[in-house]
4 protein chains.
Amino acid sequence: MNHARSRIWELVEVSYDSDSHSPVLDWYDTGMMALILLNVLAVVIASVEEIGGRFAWFFSAFEVFSVAIFTVEYIVKLWACTADARYAHPVLGRVKYALTPMVIIDLLAFLPFYLWFFMIDLRFLRALRLFRLLRVLKLGRYSQSLALMAHVFRRKRSDLMAVALVLLVMLVIAASIMYYAEHEAQPEAFSSIPAAMWWGVATFTTIGYGDVYPITPLGRVLGSFIAILGIGIFALPAGILASGFSEEHERMRNECNRNVCPQCGQAIDE
Amino acid sequence: MNHARSRIWELVEVSYDSDSHSPVLDWYDTGMMALILLNVLAVVIASVEEIGGRFAWFFSAFEVFSVAIFTVEYIVKLWACTADARYAHPVLGRVKYALTPMVIIDLLAFLPFYLWFFMIDLRFLRALRLFRLLRVLKLGRYSQSLALMAHVFRRKRSDLMAVALVLLVMLVIAASIMYYAEHEAQPEAFSSIPAAMWWGVATFTTIGYGDVYPITPLGRVLGSFIAILGIGIFALPAGILASGFSEEHERMRNECNRNVCPQCGQAIDE
Amino acid sequence: MNHARSRIWELVEVSYDSDSHSPVLDWYDTGMMALILLNVLAVVIASVEEIGGRFAWFFSAFEVFSVAIFTVEYIVKLWACTADARYAHPVLGRVKYALTPMVIIDLLAFLPFYLWFFMIDLRFLRALRLFRLLRVLKLGRYSQSLALMAHVFRRKRSDLMAVALVLLVMLVIAASIMYYAEHEAQPEAFSSIPAAMWWGVATFTTIGYGDVYPITPLGRVLGSFIAILGIGIFALPAGILASGFSEEHERMRNECNRNVCPQCGQAIDE
Amino acid sequence: MNHARSRIWELVEVSYDSDSHSPVLDWYDTGMMALILLNVLAVVIASVEEIGGRFAWFFSAFEVFSVAIFTVEYIVKLWACTADARYAHPVLGRVKYALTPMVIIDLLAFLPFYLWFFMIDLRFLRALRLFRLLRVLKLGRYSQSLALMAHVFRRKRSDLMAVALVLLVMLVIAASIMYYAEHEAQPEAFSSIPAAMWWGVATFTTIGYGDVYPITPLGRVLGSFIAILGIGIFALPAGILASGFSEEHERMRNECNRNVCPQCGQAIDE
């Protein structure tokens, strides 16, 4: 029983690091991945009215089929998770496992379907199914590149958060300035500071939809200064990440051919 | 008396470098920070007409409360600042302290409230209260990242200023060219060279609101060249900052483990 | 015969690496390049109605002339390709050669002209002639820089593909979120998730045409978060490529003057 | 006479490298720089109709004054240039000097004023006066940063030109594709391939004015691919320049503390 549980646990919880990929495991992975992708595709296509309306029966059937599989997978996972040392306790371990972010997403992906029977319409939560897509990223041939990227992001996390903080503070200041400058001329577009922040986001990210922009000379001069300052802020993440990739590359190279002191020939720990 | 003054000075002038953070100091810092954040939030929210109108009495009360605190803080700061060696002189030191940029901002944050009694409406200066937000940046968990960023900006200051100068010169040239090319076809949008500079800012920053753009074939050809050149200029700050972050990282690493072979103790040139 | 074939093969298949550029080969290269450029220019100019209509006879004549040359070149290439060791077999070699991407493009560049006689209108394939332009890139004075760029792209291919994958997943998620947030307010612009992806592309790339943008407060808040996250994603390729160029430069320098002390001849670890 | 000519030559041709800045030379430099800046300011301000119309007499007077100074400076320069070894020949040297780009710009800056007497209206050439602004860049406190930037641009010139070439080829291809996809649906906006190139420029540079964009599903799909590819191209100059700045910084550091072989202690030329 315990052995079977371990085997099944290994099967349902995709073991990325394991080198002993059995053919069964590969088939299971590929199948689940395909189901998730088809599900996402179904959500996307069904949103097109002409298609979603005409083939409603097909999408409903596929929905039932998917929810059935996801439900079974969820139950099996909860049953098997005690095979993992981290969730070994029969009750507490299962609760702990059920509360991990990925498993909550798994639950939210099919729960709305059942709640609908009780007249609780939370179907918009189906969109959460899309987050299962993130799992796809962990697999496949680009996993190494993605791991490198994730590593760089994690190492530069506090720098990037600091940029986001500066951005937020500057956004509030810029929106307030523009609100005072443009409110009288455009009481609609710059109706309040939060509304002016929408202009600020479009400007700082250099998207510039063109639905909100200053029209008074003062607003344009101030807006120009803010926009040009925005270039500098926009350049920060690029600079931080570029530096992060360089450092990572350097670190990897140093690991390959460890530094050896040219005087005594012994390795030097960096 | 002098000892009390020193203690109070330490309290009101947030001492970022001091390691001896007493609980009182921490509480005071957190409280002032919360008040500033709530004030900014109040300014932002009160600008939304439906909310600002209905809860006018609340925002007025909070305004009076905030101004009272800020006024007391300002007076205490001015009284205590002589504890600092830089502002030791009873009169000149206080004047000198009162004229530092941060203290001027503190004054402008609450002064308009009093001037209003004298029928001088400078309430738009309240927006300056937002700049107190910048103080928030100095605190908290991202202070190290922010210090790194500030350091990189300071080291690359002259390079970035030079880019800004090139940008300004190119902006004037580009706006003049477009003015001559588009003035006849669009006497409204390209009414003058300063007006054409608004197009130039939107183009160089790649925001492109879409309120002003060339429509004549000549204007479009010239505008295309200017826009593509703009890519190069836009890439400059990113390049400068990326290089700055790399250098800083390198410098820090070199400082941490100076290049000395741990076996033989001899320095190694990199 | 075989010698002639080798000479002609050398002539028609531009031999970039060969150092023995004969004057004939140079003339042939320049001529074909000029013909391709003129062809592209003709396609571009003929699309302007006033010009394309008035000088229709000229563009038709130039079309016939170009197709004749391209046809002859294609036949000669197919005949001569057996001179190359890779395509030595009289039949299979020629088929193999005919199926290389560049040769298929060559075929598609003139085939529509003949199919037109059989009432099959595939003239839109003429646009493929433009891809011959890519050949121009291989020649000329910038070939070294382009080779460096191609090299960096190739080395960072998997990283860039991984970014594209992340971008795609985020695009689907962002479009779904915005569809649920904006569909009711703007049933036209956000008519379906694929339609919302058009908004997503304009936002992630920071183009922001301004034809589609959120108008509900919820949509704007969510759109702002997505847009700011987009900055980070946008910064990734720049960071990856910057790091790639640095590495390539380093590698080239190390290859040029290998780290050997010119005085004592011993290698130095960097 | 020759000595005076040398002194005057030194005066009029700003000698950036010379360390022996006499006070006279400094005054002359500052004066000319101020005149150029005021001239640019006059051109910019006079373009504003309300100001340019009311103070027409002032701008005319300043125009006459400026042209007089520029004319005298031009004549003096031509007279004195033979003091320079490069332009030593009394006639040929002067012609050679007169044909250097900066001197041609100087001529075009005031020549239109005189031609106007002969009913030749080339006043739009006055805009060329703006290019004299570029001279301002060479002076002042940012000259070192600007020299570094110019150096990086010059070293990476062929790389950047290659990017521009790739951009141009891709622009033609993208515009042709979009022309075939959108011409029927929007015969106005995508009237011809050159017109579609205007869409291409706005898209590749991520400006996105919003005056031209695809509306057909096919056009949007193709446009999305082109836009996302554009991110990669846009990231190239940033990557190239970042790498250039890093290399330059490295080179400067290596010059400071020359590499010394750790075995024999002798310097190593890199």
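Everything quoted here is computed from the prediction, not taken from an experiment. (Residues numbered from 1 in each chain as written. Chains lettered and ligands numbered in written order. Predicted model: local features only at pLDDT ≥ 70, side-chain atom pairs only at ≥ 80, totals over all residues. Heavy atoms only, no water.)

K.L.:
How should I be thinking about unusual backbone geometry in this particular structure?
P.N.:
The phi angle of most residues is negative, glycine excepted, and most peptide bonds adopt the trans form. Within the chain, T206 of chain C stands out as a residue other than glycine whose phi angle is a positive 60 degrees. Counting through the fold element by element, T206 of chain C comes out in the loop between α10 (193-204) and α11 (217-256). (Helix = DSSP H or I, 4+ residues; strand = E, 2+ residues; numbered from the N terminus.)

K.L.:
Would you take a moment to explain the environment of A189 of chain D for this structure?
P.N.:
Residues and elements named next belong to chain D. Mapped onto the elements of the fold, A189 is located in the loop between α9 (157-182) and α10 (193-204). In the structure, A189 is positioned 60 residues away from H249 in sequence and 47 Å away in space, judged by C-alpha atoms. Ignoring sequence-local partners within four residues, the contact set of A189 consists of A195 and V212. (Contact = heavy atoms within 4.5 Å.)

K.L.:
For this particular structure, what's the right way to read the relation of the copies chain B and chain D?
P.N.:
Superposing the two chain copies requires a rotation about an axis and a translation along that axis. Structural alignment of chain B on chain D gives an RMSD of 0.1 Å, achieved by rotating through 90 degrees and translating 0.0 Å along the axis. Taken together, the rotation and translation describe the operation of a four-fold axis. An asymmetric contact is evident, with only 13% of the interface residues of chain B recurring at the interface of chain D. (Least-squares fit on C-alpha atoms with pLDDT ≥ 70 in both.)

K.L.:
Can you walk me through the interface of chain B and chain D in this structure?
P.N.:
By convention, interface size is frequently given as the accessible area that disappears when the constituent parts associate. In this complex, chain B contributes 46 residues to the contact, which on the side of chain D involves 39 residues. Summing the contributions of chain B and of chain D, the shared interface buries around 3800 Å²; its carbon and sulfur component is 73%. Our count for the chain B to chain D interface comes out at 1 salt bridge. The salt bridge involving D211 of chain D is made with R220 of chain B; its shortest N-O contact spans 3.5 Å. Where chain B touches chain D, the interface holds 5 residue pairs in polar contact (both at pLDDT 80 or more). Sorting the residues of the side of chain B that touches chain D by element identifies α9 (157-182), α10 (193-204) and α11 (217-256) of chain B as the ones contributing at least two each. A class-by-class count of the residues in the side of chain B that touches chain D yields 26 nonpolar, 13 polar and 7 charged. (Buried area = accessible area lost by both parts, 1.4 Å probe. Salt bridge = Lys/Arg side-chain N within 4 Å of Asp/Glu carboxyl O. Polar contact = N/O pair within 3.5 Å; in protein donor to acceptor, adjacent residues only side chain to side chain. Nonpolar A, V, L, I, M, F, W, Y, C, P; charged D, E, K, R; others polar.)

K.L.:
So what exactly am I meant to see when it comes to the confidence of the model for chain A here?
P.N.:
If pLDDT is low for a region, its predicted coordinates should not be looked at in detail. Residue and element names in this part refer to chain A. Taken over all residues, the pLDDT of chain A has a mean of 80, while the share at 70 or more is 80%. When pLDDT is averaged over each helix and strand of chain A, the minimum, 63, is found for helix α7 (residues 133-138) and the maximum, 91, for helix α10 (residues 193-204). At the level of chain-chain contacts, confidence expressed as ipTM amounts to 0.82, with global pTM at 0.84. (pLDDT = per-residue confidence, 0-100.)

K.L.:
Got a minute to help me understand a nonpolar patch on the surface in this structure?
P.N.:
Residues and elements named next belong to chain A. There is a patch of nonpolar side chains on the surface, built from L38, L41, I45, I51, F55, W57 and F58 and spanning about 670 Å² of accessible area. Where the nonpolar patch is concerned, the elements lending two or more residues are α2 (23-46) and α4 (56-80). With respect to the helices, strands and loops of the structure, W57 is situated in helix α4. Judged by its relative accessible area of 61%, W57 falls in the exposed class. (Patch = residues over 30% accessible without salt bridge, like charges linked within 9 Å, V, L, I, M, F, W, Y side chains within 5 Å. Areas by Shrake-Rupley, 256 points an atom, 1.4 Å probe, with all protein chains shown as cover. Buried < 20%, exposed > 50% of the residue type's maximum accessible area, 1.4 Å probe, protein only.)

K.L.:
Looking at this model, I keep getting lost on the environment of G208 of chain A. Mind explaining?
P.N.:
Tracing the backbone through its elements, the reader meets G208 of chain A in the loop between α10 and α11 (217-256). Residue classification places G208 of chain A among the buried positions, given a relative accessible area of 0%. Between the C-alpha atom of G208 of chain A and that of L11 of chain A, which follows or precedes it by 197 residues, the distance is 48 Å. Those residues in contact with G208 of chain A, other than ones at most four positions away along the chain, are A202 of chain A, I207, G208 and Y209 of chain B together with G208 of chain C.

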